[in-house]
Amino acid sequence: MNRLHRATPLDTDQLWQQLCSWDNLLLAYRKARRGKRQQAEIQAFGFNLEYELSQIRRELLEHNFHPGGFQQFYIQDRKTRLISAAPFRDRVVHHALMNIVEPLVDPYFIADSYASRKGKGVHVAVRRYQAWAKHHAYALKIDIRRYFDSIDHLRLKQKLAQLLPYPPMLQLFERIIDSSPEPINPYVVWADGDDLIDLATRQVGLPLGNLTSQFLGNVYLNDLDHFVKRQLKIPAYLRYVDDMVLLANSKTTLWQWCEQIEQFLAGERIAIHPRKKLLVPVQHGLDVLGYRVYPKRIRLSRHSGYQFRRKLKALAKAYRQYRMNLDQIKPHVAGWLGHASQADSRGLCKAVLSKVVFSRGSTAQRTPGDSGRLVEQQTRQPAFRQPQQEQHR
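Residues numbered from 1 in each chain as written. Predicted model: local features only at pLDDT ≥ 70, side-chain atom pairs only at ≥ 80, totals over all residues. Heavy atoms only, no water.

Trainee: Explanation requested: the pairing of strand β4 (residues 237-240) in the structure shown.
Mentor: A regular strand places its side chains so that they alternate between the two faces of the sheet. Here β4 runs beside strand β5 (residues 243-248); their pairing, made up of four bridges, is antiparallel. Within β5, the residue paired with Leu238 across the bridge is Val245. A loop of two residues connects β4 with β5, the two strands running antiparallel in sequence, and Val241 in this loop sits at a positive phi of about 55°. (Pairing = 2+ DSSP bridges. Helix = DSSP H or I, 4+ residues; strand = E, 2+ residues; numbered from the N terminus.)

Laid out in structure tokens, this is it:
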């Protein structure tokens, strides 16, 4: 792994002062409240904004900030997931910390790690895979078994210290990591030299829903990324959180690489899911981050359409019962349209939107075909295909 140069005490002090600065905390507050201003907790924080930020700043300067308890709830997305939401003041601190840390650490991630990074994301990853699919015959898709439930706290802290040699920030990260609620079903992977006491006392798991968890998830797998690129020398490899895709012209080569990755991960106390290894010819298409991707076309996955149709019906019900207004609903619809517009999905969008009507106190159904004007498509994501007039230049 690449190492940052050791910081001098002056460097460390300067960074900590930047983290604790009023401007950074105010920016963190604005990021943390984005899209959630109607929540009572956030409104109460904003009503006493100057006091709340001053209190956080004082605790940070005195190195006396301690994370609060989590609010936990389940969501259903193909499978049931437990979400752990930190208190809003903690989320402000998370954003303040990441504002300073991300620019320091991000250059040490490989280019083809796409989750929770500026200039990356789902759509860039999908375009990258499609470009590779035009030049390789086979793709292997693998993911890690219960990734966030199996992240080992001790190894994570060691990895973080190698990338971020700034003691005050490491101490803050350690407090955030140690405050993680214990997973409902912790998944501890046996490593060479372990005994039953080791397995019983190992602290594992990061909470889904935390900004810092996304960043720490990238930190934990950074050594794997560099192993794949530098030692295995796999040119066509991408990772999005714990989903990995490898491409090659030989099935045998892909399975050999998979075995070597499994051996490496055993030393990292995580494991590939045994039932989620999928090797396919690229011409048959591969499900990549919500899209069905072929060398020359991209389709939206059926699950995405079904899932959004259920969500749209729930939004229509909330609107009908005066629990939401159109200004609150439009971002949900525009966001999905932006996601869907990246694929060949015109027919799917029409089918999903044509069945739901938004009206007050009515259960009438919208006539097919007239719902396309419900919300204007709003997206800042670049299209997968260039505009037609540019293709012919």
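That shown, we press on.
Trainee: Please clarify how helix α2 (residues 22-33) should be interpreted in this entry.
Mentor: For the α-helix, the turn length of 3.6 residues means that residues three or four positions removed from each other point alike. In a regular helix each residue adds 1.5 Å, so twelve residues correspond to 16 Å; α2 covers 17 Å between its end C-alpha atoms and thus fits that length. Asn24, Leu25, Leu26, Ala28, Tyr29, Ala32 and Arg33 are the residues of α2 that are buried. (Expected span 1.5 Å × (residues − 1). Buried < 20%, exposed > 50% of the residue type's maximum accessible area, 1.4 Å probe, protein only.)

Trainee: How do you make sense of unusual backbone geometry when you look at a structure like this?
Mentor: Trans is the prevailing form of peptide bonds, just as negative phi is the prevailing case for residues other than glycine. Not every positive phi belongs to a glycine, and Lys233 is a case in point at roughly 55°. Secondary-structure assignment places Lys233 in the loop between α12 (222-231) and β4. Given the relative accessible area of 60%, Lys233 is considered exposed. In this structure, Leu289 is a non-glycine residue whose phi angle is positive, near 55°. Within the element layout of this structure, Leu289 appears in the loop between β7 (286-288) and β8 (291-293).

Trainee: Help me out: how do you make sense of the sheet that holds strand β6 (residues 272-281) in this one?
Mentor: Each strand in a sheet pairs with its neighbour through backbone hydrogen bonds, running either in the same direction (parallel) or in the opposite one (antiparallel). What the four strands build is an open sheet, ordered β4-β5-β3-β6; its pairing is antiparallel. Single-partner strands in this sheet number two, and they are β4 and β6. Sheet twist, expressed as the average angle between the axes of neighbouring strands with direction ignored, equals 15°. Two strands pair when backbone bridges link them, and strand β3 (residues 138-144) and β6 are joined in this way by six bridges, in the antiparallel orientation. (Axes fitted to C-alpha atoms, helices over the stretch in contact; angles between N-to-C directions.)

Trainee: Could you clarify how one ought to interpret the nonpolar core in this entry?
Mentor: As a rule of thumb, soluble globular proteins bury nonpolar side chains together. Ranked by internal contacts, the top residues of the largest apolar core, which has 68 residues, are Leu60, Val92, Met169, Phe173, Phe215, Leu224 and Ile261. Per element, the largest residue contribution to this core is nine residues, and it comes from helix α5 (residues 88-105). Discounting residues that sit within four places of it in the chain, Phe173 has contacts with Leu97, Met98, Val101, Leu160, Leu164, Thr212, Phe215 and Leu216. With 37 residues, the next largest nonpolar core counts Leu247, Ala318, Leu353 and Phe358 among its residues. (Core = buried A, V, L, I, M, F, W, Y, C linked by side-chain atoms within 4.5 Å. Contact = heavy atoms within 4.5 Å.)

Trainee: Mind showing me how you'd approach the environment of Ala343 here?
Mentor: Inspection of the secondary structure puts Ala343 in the loop between α15 (326-340) and α16 (346-353). Separated by 51 residues in the primary sequence, Ala343 and Arg292 place their C-alpha atoms 8.9 Å from one another.

Trainee: Can you help me understand the sheet that holds β7 in this one?
Mentor: Here we have three strands laid out as an open sheet, ordered β7-β8-β9, and antiparallel in their pairing. The open sheet is flanked by β7 and β9 (298-300), the only strands paired with a single partner. Mean inter-strand twist for the sheet, computed between neighbouring axes without regard to direction, equals 35°. Of the strand pairs in this sheet, β8 and β9 are connected by three bridges, and their pairing is antiparallel. Considered in β9, the bridge of Arg292 is made with Arg299.

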